[in-house]
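# Examination of the molecular architecture
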Amino acid sequence: MTGTAGDRTLLATAVDRFYDLVLADPSLATWFEGVDMARLRRHQAEFLGSALDGGTSRFDLRTAHAGLGIDDVAYDRVCAHLLSAMAAVGVGEGYLRELRRAVEGLRDQVVEA
Ligand code: HEM
């Protein structure tokens, strides 16, 4: 999805929308207190643009989330916000299906509680 400049702009828009949804969700907001959100939005867009397209990423998700006590419920909610943000910017069904499968594959690296 992230081959062209247009794709990268779309992804950045989706990531902004994604974190707006996360921060507006009272069951998730506390995890992000004190986090530099501009940096996180940037890093998430970079991560999604590389790792989820089958490439490698400089981010180690296990290390990034270590000690945060993230459980399956929180993980499911974050993934739901990610998918609805992607859908809202007009990403196609096929890509959404791939994305759903890809984020399911990351669960073990993020959930620890
Ligand atoms: C689809 C699953 C997820 C992906 C792909 C993902 C990806 C990332 C990435 C790329 C970073 C930046 C790492 C860095 O800057 O070195 C990050 C940081 C972070 N993530 Fe996630 N994440 C996911 C799920 C979650 C969930 C479920 C939560 C909490 C409910 C969460 C909370 C955080 C927090 C708080 C940080 C910032 C940590 C810090 O800067 O100290 N993430 N995540």
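About the thresholds
Residues numbered from 1 in each chain as written. Predicted model: local features only at pLDDT ≥ 70, side-chain atom pairs only at ≥ 80, totals over all residues. Heavy atoms only, no water. Donors = N, O, S within 2.8 Å, 3.2 Å for Na, K, Ca; no water. Helix = DSSP H or I, 4+ residues; strand = E, 2+ residues; numbered from the N terminus. Core = buried A, V, L, I, M, F, W, Y, C linked by side-chain atoms within 4.5 Å. Buried < 20%, exposed > 50% of the residue type's maximum accessible area, 1.4 Å probe, protein only. Contact = heavy atoms within 4.5 Å. Near = heavy atom within 4 Å. Polar contact = N/O pair within 3.5 Å; in protein donor to acceptor, adjacent residues only side chain to side chain. Nonpolar A, V, L, I, M, F, W, Y, C, P; charged D, E, K, R; others polar. Expected span 1.5 Å × (residues − 1). Arc of directions from axis to C-beta. Phe/Tyr/Trp six-rings, centres within 6.5 Å; stacked < 30°, edge-to-face > 60°.

Where an unreviewed UniProt entry is consulted, the protein appears under the name Hemoglobin, with the organism given as Klenkia brasiliensis.

### Topic: the coordination of the iron atom of the ligand
Within the protein, a single donor atom binds the iron atom of the ligand, namely His-65 (NE2) at 2.0 Å. For His-65, the location among the structural elements is in helix α3 (residues 61-65).

### A few points about the nonpolar core
One finds Tyr-19, Leu-48, Tyr-75, Leu-82, Met-86 and Leu-99 to be the most contacted residues of the largest nonpolar core, which totals 31 residues. Elements represented by at least two residues in this core include exactly α1 (5-23), α2 (37-50), α4 (72-88) and α5 (93-104). Of all the elements, α4 adds the most residues to this core, at seven residues. Contacts of Tyr-19, omitting those with residues within four sequence positions, involve Phe-32, Met-37, Leu-40, Arg-41 and Gln-44.

### Notes on the site of the ligand
The ligand sits among 22 residues. The nearest are Leu-40, His-43, Gln-44, His-65 and Ile-70. Measuring from an oxygen atom of the ligand, one finds a side-chain N or O atom of His-43 at 2.6 Å. One nitrogen or oxygen atom from the side chain of His-65 is found 2.8 Å from a nitrogen atom belonging to the ligand. Put simply, the parts of the chain that give the shell around the ligand at least two residues each are α2, α3 and α4. Ranked by residue count, the leading element in the shell around the ligand is α2, at five residues. Considering only residue class, the shell around the ligand consists of 18 nonpolar, three polar and one charged.

### Describing α5
Here α5 is twelve residues long and its end C-alpha atoms lie 17 Å apart, about the 16 Å a rise of 1.5 Å per residue gives. Turning to α5, its buried residues number three or more, namely Tyr-95, Leu-96, Leu-99 and Val-103. Buried residues in α5, looked at end-on, bunch into an arc of 100 degrees, giving them a common side. Buried residues along α5 sit against α4 and α6 (107-110).

### Description of the packing of aromatic side chains
Counted according to the given criterion, the structure contains two aromatic pairs. Centre to centre, the rings of Phe-18 and Tyr-19 are 4.5 Å apart; their planes meet at 40 degrees, and the pair counts as tilted. Per residue, the accessibility class of Phe-18 equals that of Tyr-19, and both read buried. In textbook terms, an aromatic cluster arises when at least three aromatic residues are bridged by ring pairs, as seen for Phe-18, Tyr-19 and Phe-32.

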